[in-house]
Amino acid sequence: MTKMSDLQTLHFPNWCPGCGDLNIWGAFKNAAVKEGWDSSNTSIVAGIGCHGHIVNFVKLNSFEGLHGRALPVASGVKMVNNRLNTFVFTGDGDCFGEGGNHFIHTCRRNHDLTILIHDNALYSLTTGQTSPLTAHGFKTKSTPQGNPDEPFNPLTLAIISGATFVARAYSGDMPKLAELIIEANKHKGLAVIDILQPCVTFNKVCTHGFYQENTYYLEENYDPSDKNKALERASEFGDKKIPLGIFYKTNRPSYEDQILQIKEKPLTEIPVERSSAIELFKKYT
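Residues numbered from 1 in each chain as written. Predicted model: local features only at pLDDT ≥ 70, side-chain atom pairs only at ≥ 80, totals over all residues. Heavy atoms only, no water.

Colleague: Looking at this structure, how should I read empty space enclosed by the protein?
Modeller: The method is simple in principle: a probe with the dimensions of a water molecule rolls over the atoms, and the space it marks as empty is what remains. Counted by the stated rule, this structure contains one cavity of 30 Å³ or more. Considering only enclosed or pocket space, the largest cavity measures out at about 30 Å³ in volume. Those elements giving two or more residues to the lining of the largest cavity turn out to be helix H2 (70-80) and helix H3 (92-98). Looking at side-chain class alone, the lining of the largest cavity contains three nonpolar, three polar and two charged residues. (1 Å grid on protein atoms, 1.4 Å probe; cavity = no way out; pocket = protein on both sides within 12 Å on 5 of 7 lines; lining within 4 Å. Points joined across faces, edges and corners; volume = space filled by probe spheres on them. Helix = DSSP H or I, 4+ residues; strand = E, 2+ residues; numbered from the N terminus. Nonpolar A, V, L, I, M, F, W, Y, C, P; charged D, E, K, R; others polar.)

Next up, the structure:
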């Protein structure tokens, strides 16, 4: 049984007061306690950005990869030990800028991972430049005349790329976020949660007040199995019209389920002697 004290490290979060990362950290720990996640059954992988510091604040097996490279690292972790609950913490810049190509192919392959996107629509660690999710016309120090680019829609990109669980959350609603993280992890296949989390220092538009006023949860009778409807609802984003919840959910074999070499047991339980490796190769070829 996991206790909150089991997840405590020697370091207290140094994110800015009010940062949405604090809520994500808290929601994830609450989910871990409820589900019994610890270093015997769980691993976390992070990219580079404000979000990446979470590896210092949660006492679990963790790895912080290169900028934009969290997903290939997490895919490798899952391939080596497919029994692990494997979570990817990544930012909007990390995931869709440097890591955009990895995101598309991780969705396409349907790796059994849970991706938690810390979405503040900026590169905040490097003091607030535009990211691939920054709104058109938004003024930053890198775009003082206004951002000329159109942003990605992370939800529609995930759906059309092949992710089998696609959701959006607001970091300020920690109980709902914790529930969503648990449900995403239980899903067999790639689960993506775009978490709207205010950057209180550099984004004075998408604040906690803004999200509290403009978000709403999808209706109880909403059908997440309808792909076309999911794309339609995921495209909504504006004043009073930012839906939250599970937009799309479908079942198809995960990448790991289709690899014969790890069908019976994870690689971590297979002897590494040369003879064993040769026999394993012969068995599946």
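Colleague: Would you take a moment to explain unusual backbone geometry for this structure?
Modeller: Note: most residues except glycine have negative phi, and most peptide bonds are trans. If you check the backbone angles, Ala121 has positive phi at about 65° while not being a glycine. Mapped onto the elements of the fold, Ala121 is located in the loop between strand E4 (114-119) and strand E5 (122-123). Residues other than glycine seldom take positive phi values, yet Thr127 does so here, at roughly 80°. Structurally, the position occupied by Thr127 is in the loop between E5 and strand E6 (129-130). When its relative accessible area of 31% is taken as the criterion, Thr127 is described as partly exposed. (Buried < 20%, exposed > 50% of the residue type's maximum accessible area, 1.4 Å probe, protein only.)

Colleague: Whenever I open this one, the pairing of strand E8 (residues 191-196) confuses me. Can you help?
Modeller: On any regular strand, side chains alternate: one points to one face of the sheet, the next to the other face. The buried fraction of E8 is high, at six of six residues. Across the two faces of E8 the burial is the same, with Ala191, Ile193 and Ile195 and Val192, Asp194 and Leu196 all buried. By the bridge criterion, six bridges tie E4 to E8 in an arrangement that is parallel. Bridge pairing in E8 links Ile115 to Val192. Sheet topology places strand E7 (residues 165-170) next to E8; six bridges connect them, and they run parallel. Bridge pairing links Arg168 to Asp194 in E8. (Pairing = 2+ DSSP bridges.)

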